[in-house]
Amino acid sequence: MDDCSAASTFLTDSLELELGTEWCKPPCFSCAFDDRGGGKHFSGESYLSSGALKRLILNLDPLPTNFEEDTVEIFGIQWVTETALVNSSRVLFHLFRQQLYNLETLLQASCDFGKISTLHCKADSIRQQCVTFLHYIKVFIFRYLKVRNAESHVPVHPYEALEAQLPSVLVDELQGLLLYIGHLSELPSINPGVFVNQNQIKLFPPSWHLLHLHLDIHWLVLEILHMLGEKLKQVVYSHQFVNLAGDNLTNVSLFEEHCENLLCDLISLSLNRYDKVGPSEALIRHHCPCACIKELWVLLIHLLDHRSKWSLSESFWNWLNKLLKTLFEKSSDRRRPSVPIIQPRDPLGFSWWIITHVASFYQFDRHGAPDERRQMESNWNFAEELLKKSISVQDGILEEQLRMCLHCCLTLCDFWEPNITIVTVLWEYYSKNLNSSFSISWLPLKGLVNIVKSSLSMLEMVKTCCCDKQDHDLYKSNSSYTIFLCILAKVVKKAMKNNGPHPWKQVKGRIYSKFHQKRMEELTEVGLQNFFSLFLLLAAVAEIEDVASHVLGLLNFLKPTFITSSLIWKGQMAFLLMYTQKNLDISVLAEKFSSAFREKAKEFLVSKNDDMGQRQTLWTLLSIYMDGVQEVFETSHCLHPSHEKLLNDGFSMLLRGCQESELRTVLSFLQAVLARIRSMHQQLCQELQKENMDLIAQSSLSAKERHLAAVASALWKHFFSFLKSQRMSQIVPLSQLADAAAAMDMPSTAPCDLQPQPVTSMIQLFGWDDIIWPQVVARYLSHFLQNSMLCEALSHSGCVSFQALTVRSWIRCILQMYVKNLSVPDDVFVDLSPEQAVEKEYMEQLAELTRLLFKLSEVKNIFSEAQVEYSPIPEDPRKALVQFLEAVGITYGNLQKLSDKSAMVTKSLEYLGEILKYIKPYLGKKVSSAGLQLTYRMMGILVKSWAQIFATSKAQKLLFRIIDCLLLPHAVLQQEKELPAPMLTAIQKSLPLYLQGMCIVCCQSQNPNAYLNQLLGNVIEQYIGRFLPASPHVLSLGQHPVLLAVRNSATVPPMSSLKKCIVQVIRKSYLECKGSLLPPRLASILAFILQLFKETNIDISEVELLLPGILKCLLLVSEPQVKRLATENLQYMLKACQVGSGGERAAQLTSVFRHFIQDYDTRYSYQIYNILETVAALDQQLVVHLISTLTQSLKDSERKWGLGRNIAQREAYSKLLSHLGQDGQDEMQRLENDNT
């Protein structure tokens, strides 16, 4: 059906007959259609969609396929189609009124669920009969009514006489029918009602049918009267009625009267809805209760405008304006007191509301389809009157109400042709109130919206005002002034599009004329903001150069107090940004603005820190400038010489005057501008690589390249010297310092002090210099290694040590990760893990640097040759460093050629650099436990894994320095002085690594080095004693670092020399008696020796070294614990020697005991015999070999004393001999027989 209605615009009357009859069924009002798809505006049965309106306007048969039979059924009675209306018109109208009455009586029935179906059917049947009758009248007039000559005196047939009277009878009956049904607004309820959905069938109460039947009657009466006039071409007088003026009622006067009444009814219905609509909902809430009311408005628009074109009747807007004007009259002054319109609470707002919504109905064509191309009749004259009333100050203006009115006006600007007058009217009002904030009093927070945050926000506001689609929420609008700007933008744009520059000149003249010196001096902060908003909008829609020039001239008239106003800077920067967005030359604005920036930067530099108010004011202005310049660069398509003007020496002064928080902002600005320049440079390089470019394009690109280089040079000039001076300072945030330095990556424009190799100079300053903060180095190198252009330039510069120096800096960054903590007491980090003691950001930066470093070819080759697996994305940089150091050591060990080994030693030492300087901060008075742990562990791993490298003469000096610095500092050599606990803990954990490494060096040294062996002995001597427990517990001894060194490397051949060195140190330093004084902590050292022998294989040479001391302890010390431990040591040695006993080993042991007897038998014979009894229990043969020595010692003792036989000693000796078997018995016998 919709397809038919859409196509019928182009169909003739005869063709329409061939399409069938469905679409030609009598139309009626209905809002029961399904609009779930959202595309339909009216029902398919409506007067618009069915084509009824089109047929009416084109004077076609209303229903070409209906009423074709000889008879027609009306109100249940058969009538002759061609004569019924003439013969029985009054009867038919009587039956019509009777049906109306029957429908009205149905309203009294209760509409419960059980009865609704029956009531719906009855009411629908009555309505269809009534509508059919009215359509029959239309068809009768069109087909059967004949125009008679009233002046003819020829006798006529009685039927013809009746037919001649029919027009007057119809006027009478129609007037009577209208009087009977009354006004739409007088219906008990004009609510369209609710439908009951039962099995997808829509059922409506009788009230719904009555309302829609009334709508049908009101509209069809107009149709009938219009058709009557079109058919007869003459005035038809009523026989029974006179009009309100006392004249006879005619078809014309009835049409006008009924049209007026109908419009009054529609206005009254709209008023009822307007009372429930707040200003904020004005453009969202419609004035029509249902689609049928909306359709009636559209029908009236088309019909009245059609009649006004072909007759002297008024247009729709004239009708509506005339009625709306009565709303502003007092009841006593009304032109037509009978017009049934209630007095509205807000006639002005209602008038705006209704004409805005009604204006939107003009988009619907004769078929009810929206047509955006359709010419919409404007009503600007009336709108201008409303606008003047809206801004009248007689009764004061509510901002909320004004916003609603202007929103309506803005919507009308969309519908209608541009109107300069409304802009003029509004400007007259706003020019007088420019200092007003136009805020809504009960929305206090909305006042914050009026504060301009930035230049960009000013431009965004202007862009919003220039948008075609606007938000209709009044409370989202900044102010009514903003809506005025939207109207101004829309009108000027549309007018210039239609009529060229003339409308702009009109508007410009009106606006410019309001600003002069006095007016500018009167402006407040709010007024100045409104001033900028206005002129920025004018610049956006018209001549920007003219507007900007005028604004700069007007700003000279401002009061001196506004000179430092941030708003002026924001406004000027907004113009600069607009120039940039339009790709215009900014040189004039840039020069003026940059000069002001230089002056303020100078003031900021010399401002005193105690005058914070002045500094804050200056900083605000400088921030505005930087934000704006950054935006200029980011939005510029290409750079011009004028861009360089924005980067003057004001930045050099500003940087020197900034504190930390301010420096963050300036450096962020620098990075943003550099990023944009880098991006533009990349695009330029891509364009330069294109082939087949003409000379003009090449010249253009060359110019762009020069401009880009000029801007980059300006940045180097004004920023680099400051960055260079702050490398060792903590004023500048370290991360930002590194970022900014890394961002300056256009070496071709670098200053002369970095030439001739700017890339090498830059990385030397910020990446390889050992004196700058490791945080700066790590972050800078991370940026650098990701910049393929810089890496490639460095590789081609001849810097062969690029990768090695980078590795050195990486090692330093890891070793110095805790240096920052030295400024804080170490107690702060007691409860933190080593990972937590480092800033998370720095650890992440180190991890990133490590990841990038492991991609370097030199590093990858080392891991490859060492055949060591490593993670390409290391999580812990410390573990990665350990892997790297071990890989270097393995790689060196795998080399065969002497030349390769020599080169590798040189490269390895280059990796380390001045490594002792890196760790020196941890060894001072300020303590960092985590720093010491890291230092000693990493250096221990270095000594062990690089032992073969340190065995070379090139590297031994470094090893000596490491040992002296870490293990044998001056404080360690002072035995009475206690080392700091964190240092002692760090040494204890890492000492095995050092001992093992040093031992390997001693074994593999190219030239035997007595000093190195001495160092090893000194270290062992110092730390055996320092880590001996106070009491000799085996458990605590098991974790002694010296024992751990031997235990963990017992399988390594060079480690036997370590054990030998340990034994020598013990013999020399811990078992030697100094005069009559016994060694201190003898029990602990004996326990240590016992543990050493338990964990390692005993060598006879070690027994030879330690056994005399053990025997001496048994002989001279009476302390039970010492005796027990000495005995255990003796027993363990003897058992171990028995395992691998041989002639040589037995002879060596016999020699040790023989010397022991010779030394002490004279004074300690009894004790010696006791000791030897213990020995005999383990190794009888060993003591048997000593019999001759013992006997000789006995005789010598007796001879010495000269007292003859020493019976007591001989008895003790005999007791020993009794444990020696036959050899002992034989010796006892010889002693008995000996008379000497």
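By the naming in an unreviewed UniProt entry, the protein chain goes by Protein MMS22-like and is assigned to Equus przewalskii. Turning to the protein chain, the UniProt annotation filed under Sequence similarities (unreviewed entry) states: "Belongs to the MMS22 family. MMS22L subfamily."

J.: What is the right way to read the overall build of the protein chain from this model?
T.: Summing up its helical and strand segments, the protein chain has 54 helices and six strands in all. Classification of the 1236 residues of the protein chain by burial places 53% in the buried group. For the protein chain, long-range pairs separated by at least 24 residues make up 75% of all intrachain contacts whose partners lie at least 6 apart in sequence. A total of about 55,600 Å² of accessible surface is found on the protein chain, and carbon and sulfur atoms cover 52% of it.

J.: Which parts of the structure should I look at to understand the packing of helix H33 (residues 840–853) against helix H35 (residues 877–894)?
T.: Between two packed helices, both the angle of their axes relative to each other and the distance between the axes serve to describe the pair. Two numbers describe how H33 lies on H35: the axes approach to 9 Å, and their chain directions differ by 35 degrees. Only Pro 877, Arg 878 and Ala 880 of H35 make contact with H33, whose side of the interface consists of Met 843, Leu 846, Ala 847 and Thr 850. Along the lines of polarity and charge, the residues of the contact of H33 with H35 split into five nonpolar, one polar and one charged.

J.: What's the story with the confidence of the model for the protein chain in this structure? I'm lost.
T.: Taken residue by residue, the protein chain gives an average pLDDT of 85. The fraction at 70 or more is 89%. Note on residues 1–23: pLDDT is under 50 here. Beyond four places in sequence and across chains, it has 27 contacts. Taken as a whole, residues 445–449 scores under 50 in pLDDT and shows three contacts with residues more than four places along the chain or in a different chain.

J.: For this particular structure, what's the right way to read the pattern of salt bridges?
T.: Side chains bearing opposite charge may pair, as long as their charged atoms lie close to each other. Enumeration according to the criterion identifies 37 salt bridges in this entry. A salt bridge links Arg 90 to Glu 173, with the shortest nitrogen-to-oxygen separation between them at 2.9 Å. Here Arg 90 is found in helix H4 (residues 84–106), whereas its partner Glu 173 is found in helix H6 (residues 158–181), with 83 residues between them in sequence. Residue classification places Arg 90 among the partly exposed positions, given a relative accessible area of 38%. A salt bridge links Asp 1196 to Arg 1199; the nearest nitrogen and oxygen atoms lie 2.9 Å apart. Of the two residues, Asp 1196 and Arg 1199 both sit in helix H52 (residues 1187–1201), three residues apart, roughly one turn of that helix. Residues participating in the shared-partner salt-bridge network are Asp 61, Glu 68 and Arg 143.

J.: How do you make sense of the packing of aromatic side chains when you look at a structure like this?
T.: Aromatic ring pairs are defined here through the distance separating the ring centres and the angle between the ring planes. Per the stated rule, a full pass over the model turns up 61 aromatic pairs. Relative to Tyr 994, the ring of Tyr 936 lies with its centre 6.5 Å away and its plane at 70 degrees, an arrangement referred to as edge-to-face. In this pair, Tyr 936 sits in helix H38 (residues 929–945) while Tyr 994 sits in helix H42 (residues 981–1004), placing the two residues 58 residues apart along the sequence. Feature note: the residues Trp 427, Tyr 429, Tyr 430, Phe 438, Tyr 481, Phe 484, Tyr 512, Phe 515, Phe 531, Phe 532 and Phe 535 constitute an aromatic cluster, connected by ring pairs. Over the ring of Trp 319 we find Lys 322; its NZ or CZ atom is 4.3 Å from the centre of that ring. If you follow Lys 901 out to its NZ or CZ, it ends over the ring of Tyr 892, 4.5 Å from the centre.

J.: Looking at this structure, how should I read H35?
T.: Since the α-helix advances by 3.6 residues per turn, residues separated by three or four positions end up pointing in the same direction. The end-to-end C-alpha distance of H35 is 25 Å, a good match for the 26 Å that 18 residues give at a rise of 1.5 Å each. All buried positions along H35 are accounted for by Pro 877, Arg 878, Ala 880, Leu 881, Val 882, Phe 884, Leu 885, Ala 887, Val 888, Gly 889, Thr 891 and Tyr 892. Here the buried face of H35 lies against helix H32 (802–815), H33, helix H34 (857–866), helix H36 (898–912), H38 and helix H39 (947–950). Sitting at the amino-terminal end of H35 is Asp 876, which places a side-chain oxygen 3.0 Å from the backbone nitrogen of Arg 878.

J.: How should I be thinking about the nonpolar core in this particular structure?
T.: Note that soluble globular proteins tend to have their nonpolar side chains buried in a common cluster. Ranked by size, the top nonpolar core spans 421 residues in total, and within it Trp 219, Trp 297 and Phe 535 carry the most contacts. Per-element accounting of this core gives the leading share, 14 residues, to helix H7 (residues 206–232). In this view, Phe 535 contacts Ile 511, Tyr 512, Phe 515, Val 547, His 550, Val 551, Leu 554 and Phe 575; residues no more than four positions away in its chain are not counted.

J.: Got a minute to help me understand the packing of H32 against H36 in this structure?
T.: Remark: H32 packs on H36, axes separated minimally by 7 Å, with the N-to-C direction vectors making an angle of 45 degrees. Between H32 and H36, the interaxial angle falls into the category oblique. Contact with H32, carried on its side by Ala 804, Val 807, Arg 808 and Ile 811, involves Lys 907, Glu 910, Tyr 911 and Leu 912 of H36 and no other residues of that element. Tallied by class, residues from the contact of H32 with H36 come to five nonpolar, no polar and three charged.

Calculation criteria
Residues numbered from 1 in each chain as written. Predicted model: local features only at pLDDT ≥ 70, side-chain atom pairs only at ≥ 80, totals over all residues. Heavy atoms only, no water. UniProt positions renumbered as here; feature names shortened; annotations may be inferred. Helix = DSSP H or I, 4+ residues; strand = E, 2+ residues; numbered from the N terminus. Buried < 20%, exposed > 50% of the residue type's maximum accessible area, 1.4 Å probe, protein only. Contact = heavy atoms within 4.5 Å. Areas by Shrake-Rupley, 256 points an atom, 1.4 Å probe, with all protein chains shown as cover. Axes fitted to C-alpha atoms, helices over the stretch in contact; angles between N-to-C directions. Nonpolar A, V, L, I, M, F, W, Y, C, P; charged D, E, K, R; others polar. pLDDT = per-residue confidence, 0-100. Salt bridge = Lys/Arg side-chain N within 4 Å of Asp/Glu carboxyl O. Phe/Tyr/Trp six-rings, centres within 6.5 Å; stacked < 30°, edge-to-face > 60°. Lys NZ or Arg CZ within 6 Å of the ring centre and 35° of its normal. Expected span 1.5 Å × (residues − 1). Polar contact = N/O pair within 3.5 Å; in protein donor to acceptor, adjacent residues only side chain to side chain. Core = buried A, V, L, I, M, F, W, Y, C linked by side-chain atoms within 4.5 Å. Parallel < 35°, antiparallel > 145°, perpendicular 65-115°, else oblique.

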